[in-house]
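For reference, the chains in residue letters:
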Amino acid sequence: MQSAEINRVKSYWDSMGAAGQPASIAEMRLNDDQWAVLTAEPDNVDYVHTTMGGVRCLWAMPKGSDHERVLVCFHGGGYLMGSVYSHRKLYGQLAKAAGVRALLVDYRLMPEHAFPAQSDDAIQVYRALLLLGIHSQCISFVGDSAGGGLAVSTALRARDEGLPQPAGLMTMSAWTDMSLRGSSYETNRSKDLVFRREMIDGLVAMLLGSESDRHHPYASPIDGDLKGLAPVYLQVGGDENLLDDSVGLAERAKAAGVETKIDIFDGMLHSFQMAAGRAPEADEAIARLAAWIRPRLQPLASV
């Protein structure tokens, strides 16, 4: 039986689906910022604005955390919405659970900045961290929804550009497939009222335009050559339309020889981890992420 708190997440998504699309992008962004109310404020976490590689970022720094180990966090929102503010508490919760710092990346959004602006910002932040002397094995990429896809594609781009792989990749409800081929768009359609194929297709058109390749690996990492990728841990809700984006990526990663773990949470919807600190289901998912990445982030003295 699902907790009352996780049912509030479902009610949130259902209300958005029933309301239909807002009249303007500004309204959509305002609605999306309300994601933050789902997450409890983590105790003893400080937030500091910074710039990394010319990209605006926000540090989430739990008291007593290891400052040499860093989660590079990419927020969700379909590349159209979301911000470091809508997601600061989620990644603050994860950073606290893992005992490390989190760097939330305020990457540029569409339609003001179409692809590959988001990829450009992400790789610039990673380069800047490496230039600061933070070892790649002390860094993990993590993201939810669109940010989950960006976490994986940034690792692919790092490999292609001769940069070392991070210690690991973690995703929550990752959007990895711009061609929208997953059958879960149909099998979960009655359960997931928001993230339907037609809505996602509109986001793809806005991000890539009519001329761009929907199979470009930095936009659609499920189509990339995954050989040599860092270990990856994917979490996804069993009732969400984007289920197959994670299942398909996990299958392709395993086939490429990548260390891969996937957890499918029965009855959960998209990015249910946003209820961290309130819902036991979300807290369990965060605890699993922290337990998976903690031993992979090597202390500086051992690398």
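Residues numbered from 1 in each chain as written. Predicted model: local features only at pLDDT ≥ 70, side-chain atom pairs only at ≥ 80, totals over all residues. Heavy atoms only, no water.

> Would you explain helix H8 (residues 243–255) in this entry?
An α-helical turn contains 3.6 residues, so any two residues separated by three or four positions project in the same direction. Here H8 is 13 residues long and its end C-alpha atoms lie 19 Å apart, about the 18 Å a rise of 1.5 Å per residue gives. Leu 243, Asp 244, Asp 245, Ser 246, Gly 248, Leu 249, Ala 250 and Ala 253 are the residues of H8 that are buried. In the core, the buried residues of H8 are packed alongside helix H5 (146–160), helix H6 (184–187), strand E7 (232–237) and strand E8 (260–265). Positive phi shows up at Gly 257, right after H8, with a value of about 85°. (Helix = DSSP H or I, 4+ residues; strand = E, 2+ residues; numbered from the N terminus. Expected span 1.5 Å × (residues − 1). Buried < 20%, exposed > 50% of the residue type's maximum accessible area, 1.4 Å probe, protein only. Contact = heavy atoms within 4.5 Å.)

> Which parts of the structure should I look at to understand the pairing of strand E5 (residues 139–144)?
Taken residue by residue, a regular strand's side chains alternate between the two faces of the sheet. The element E5 is largely enclosed, with a buried count of six among its six residues. A two-sided burial pattern is seen for E5, the buried positions comprising Ile 139, Phe 141 and Gly 143 on one face and Ser 140, Val 142 and Asp 144 on the other. Of the strand pairs in this sheet, strand E3 (residues 66–74) and E5 are connected by five bridges, and their pairing is parallel. Each bridged residue has a counterpart across the sheet, and for Val 72 the counterpart in E5 is Phe 141. Here E5 runs beside strand E6 (residues 168–172); their pairing, made up of five bridges, is parallel. Paired with Gly 143 across the two strands is Thr 171, which belongs to E6. Traced from E5 through H5 to E6, the parallel crossover comes out right-handed. (Pairing = 2+ DSSP bridges. Right-handed = clockwise from strand over helix to strand, strands pointing away.)

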